[in-house]
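A closer look at the structure
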Amino acid sequence: MQVSSSISEQSFRQVRDWLYQRSGIFLNDTKRSLVCGRLQKRMRELELASFEQYIRVLLNPAEQLEHELAVNILTTNETYFFREEKHFRFLEKVAAGHKTTTPAAPFQVWSAAASTGQEAYSVAMVLAQQFGGYQPWSVVGTDINTAVLCTARQAIYPIEASRKIPQDLLKAYALKGKGKDEGWFKFRPELCQKVSFEPLNLMEPKQFNYRFDLILLRNVLIYFELEDKQKIVRNVLKFLKPGGYLLVGHSESIHGYDDRLQQIQPACYRLKA
Ligand SMILES: C[S@@+](CC[C@H](N)C(=O)[O-])C[C@H]1O[C@@H](n2cnc3c(N)ncnc32)[C@H](O)[C@@H]1O
């Protein structure tokens, strides 16, 4: 099947507007060839020759499954263990403080753009080390992309991905694959029990029935326009405990978004109590 080799200005705009409506993600003009390449692969699978035909599917409300797939294709999910490592040293300090001040209260963390789960499991290893089996804690990971959440739930990663994980944590919380699983590792069930994943669109947050001690909203705001970034931060703050912490990516600034936020170190904010 011969698929169109380039996407017209008009088709690119239609895809861009569709994705914006659905997720809030804004694809600027520099993303045109990326969109073209990602959709061509799917069009070949569906045996659709032109972008116009694929856009008709996107605009058809009866094609919900394809819409979910298109979001999965069009989101960028790069992530790795202990990314922006300073945040994990910060988390260690916050958890140690919680242990001494409020030992009975559960410590709850939200990885709000979790991708394939590396961020949530990095948090989980730090918390498991701090709290052991003695203090309740949990990590929830959410993402709009349903495919990455499936990978996250499996908790299985290629061994090369473990390079950024400190050796003591890897030894304590991961199992190396043998035989047919050679070249892979998985997290121990005791760790996985504390980590859950669910779909969530940051533009339309669900009601969690509790608030978090710490929220990671990292390397996702870059995909949004200013007004939508502010909306997402407001949405997320509804679920942060007073005195709790919000971490964003080191290349993302939310300075001036909300008067209740106090910056305490680069990319780390505290919600005033
Ligand atoms: C680059 S990854 C960042 C992963 C991780 N937080 C990190 O810093 O390594 C961005 C993630 O945000 C997700 N995302 C984009 N728009 C979203 C939205 N509207 N709601 C929820 N997640 C979204 C993408 O699917 C992607 O997995």
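Refer to the structure presented above.
Bear in mind the structure is a predicted one, so any value in this text is a computation, not a measurement.

What follows covers the sheet that holds strand S3 (residues 156-158). If you trace the three strands from one edge of the open sheet to the other, you get S3-S5-S4, paired in antiparallel fashion. The open sheet has two edge strands with one neighbour each: S3 and strand S4 (174-176). Across this sheet, the average inter-strand angle for adjacent strands is 30°, counted without regard to direction.

Here the focus is the site of the ligand. Neighbouring residues of the ligand: 22 residues in total, closest Thr79, Arg83, Ala113, Asp143 and Asn219. In the environment of the ligand, a nitrogen atom lies 3.0 Å from a nitrogen or oxygen atom belonging to the side chain of glutamate 119. The contact in question runs from a nitrogen atom of the ligand to an N or O atom on the backbone of arginine 218, over 2.9 Å. Within the complex, 99% of the 600 Å² of free accessible area of the ligand lies under protein.

Before going further, it helps to examine the sheet that holds strand S10 (residues 268-271). Here we have seven strands laid out as an open sheet, ordered S6-S2-S1-S7-S8-S10-S9, and mixed in their pairing. The open sheet terminates on both sides in strands that have one partner only, identified here as strand S6 (195-199) and strand S9 (261-265). Each neighbouring strand pair of the sheet contributes to a mean axis angle of 20°, computed without reference to strand direction. Where S9 and S10 come together, four bridges link them in antiparallel fashion. Following the sheet pairing, glutamine 263 is matched in S10 by tyrosine 269.

What counts and what doesn't
Residues numbered from 1 in each chain as written. Predicted model: local features only at pLDDT ≥ 70, side-chain atom pairs only at ≥ 80, totals over all residues. Heavy atoms only, no water. Pairing = 2+ DSSP bridges. Helix = DSSP H or I, 4+ residues; strand = E, 2+ residues; numbered from the N terminus. Axes fitted to C-alpha atoms, helices over the stretch in contact; angles between N-to-C directions. Near = heavy atom within 4 Å. Polar contact = N/O pair within 3.5 Å; in protein donor to acceptor, adjacent residues only side chain to side chain. Areas by Shrake-Rupley, 256 points an atom, 1.4 Å probe, with all protein chains shown as cover.

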